[in-house]
Amino acid sequence: LGAIMRMPAEMGAAARRLRPDLVYSLLLANANLADTGALFNATAVTTAGGHANLTTAVLGPTGLKAAITAMGKYRENGTVLNIKPRFLIVPFALQWTAKEILTSTAQAYTAAAAAATPSQYYTANVLMSEGLTLVVDDRIGAAGVTDPTTNTARTGLDTNWFLSAGGPRTVRVAYRRGTNRQPQIRSFMLDRGQWGMGWDINMDIGAKALDYRGLHKSTGAG
């Protein structure tokens, strides 16, 4: 009886995983947008399909500052967008590095870096004031995630990291009207020679990458 009663809870947990599975599958699949360019690519924006939002910088103050600067310089038909990232997304392998970068009150330099820039041996950690929210999710790690729409394995890297501005310039998640963004669970009794109970579950949800300018990716390969 205990095993049977656990089934609805397990089905609900699976439905709860559906949304992040969809979103991270989109980020890792890196499909083309309407402009024919991959969601993440290193091509200059002056070239057709170019997004210039893919780098190889390791997760660190230098790479993170460069990514934030690149997002802030995007324009749309000549209009300055001033996009600022809200989220830093990392796999579990990078969580401690990310926490140290975002929460340290000061930034220390190596002896070699200090010799090159002696006036900056100790300096305030300006990244701390950027207000980035850290999101740790191993779906973007080396093990990856299974795409719910195709059952395709989407693998990431233990070194890759993402910046997201949130909002309409990233990934749009939509639900069928009238569902209250919740899964619909039904129970039923077996009959006609069968004895027992059953459940089924339905969740109408979709996700689509709409724009590249609110997203930045680094493979972290250095």
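The coordinates are above.
This report concerns the structure included in the present document. (Residues numbered from 1 in each chain as written. Predicted model: local features only at pLDDT ≥ 70, side-chain atom pairs only at ≥ 80, totals over all residues. Heavy atoms only, no water.)

On the surface, Ile4, Met5 and Met7 cluster together into a nonpolar patch covering about 270 Å² of accessible area. Counting through the fold element by element, methionine 5 comes out in helix α1 (residues 2-29). (Patch = residues over 30% accessible without salt bridge, like charges linked within 9 Å, V, L, I, M, F, W, Y side chains within 5 Å. Areas by Shrake-Rupley, 256 points an atom, 1.4 Å probe, with all protein chains shown as cover. Salt bridge = Lys/Arg side-chain N within 4 Å of Asp/Glu carboxyl O. Helix = DSSP H or I, 4+ residues; strand = E, 2+ residues; numbered from the N terminus.)

Per the counting criterion, the structure on display carries two aromatic pairs. Ring plane angle 65° and centroid distance 5.5 Å describe the contact between phenylalanine 40 and phenylalanine 162, whose orientation is recorded as edge-to-face. Within this pair, whereas phenylalanine 40 is found in the loop between α1 and β1 (54-55), its partner phenylalanine 162 is found in strand β10 (residues 161-164), the two being separated by 122 residues in sequence. Both residues of the pair, phenylalanine 40 and phenylalanine 162, count as buried. Relative to tyrosine 212, the ring of tyrosine 74 lies with its centre 5.5 Å away and its plane at 80°, an arrangement referred to as edge-to-face. Remark: tyrosine 212 occurs in the loop between β14 (205-209) and β15 (215-218) and tyrosine 74 occurs in the loop between α2 (61-72) and β2 (75-76); sequence separation between them is 138 residues. Tyrosine 212 carries the same exposure label as tyrosine 74, and that label is buried. (Phe/Tyr/Trp six-rings, centres within 6.5 Å; stacked < 30°, edge-to-face > 60°. Buried < 20%, exposed > 50% of the residue type's maximum accessible area, 1.4 Å probe, protein only.)

The sheet built from five strands is open, its strands ordered β1-β15-β10-β4-β7 with mixed pairing. Both edges of this open sheet fall to β1 and β7 (133-136), since each of them pairs with a single strand only. Strand direction decides the pairing type here: strand β4 (residues 87-90) and β7, joined by four bridges, are parallel. Directly across from valine 90, in β7, lies its bridge partner valine 136. Relative to β10, α2 is tilted by about 35°, and along the sheet it contacts β4, β10 and β15. Running at roughly 175° to β7, helix α3 (residues 95-103) makes contact with β4 and β7 of the sheet. (Pairing = 2+ DSSP bridges. Contact = heavy atoms within 4.5 Å. Axes fitted to C-alpha atoms, helices over the stretch in contact; angles between N-to-C directions.)

Moving on to the nonpolar core. For soluble globular proteins, nonpolar side chains are generally found buried alongside one another. The biggest cluster of nonpolar side chains holds 39 residues, and the ones touching the most others in it are Leu27, Leu39, Leu59, Leu64, Leu88, Trp161 and Leu163. Contributions of two or more residues to this core are made by α1, α2, β4, α3, β10, β11 (171-175) and β14. At six residues, α1 tops the list of elements feeding residues into this core. The contacts of leucine 39, once residues within four sequence positions are left out, are Leu26, Leu27, Asn30, Ala31, Leu33, His51, Asn53, Ala209, Asp211, Tyr212 and Leu215. (Core = buried A, V, L, I, M, F, W, Y, C linked by side-chain atoms within 4.5 Å.)

Glancing now at unusual backbone geometry. Non-glycine residue threonine 36 carries a positive phi angle of around 80°. Residue placement: threonine 36 occurs in the loop between α1 and β1. Look at threonine 36 and you get exposed, because its relative accessible area is 58%. Of note, asparagine 82 is a non-glycine position whose phi angle comes to about 50°, a positive value. Secondary-structure assignment places asparagine 82 in the loop between β3 (79-80) and β4. Taking the relative accessible area as the measure of exposure, asparagine 82 reaches 56% and is therefore exposed.

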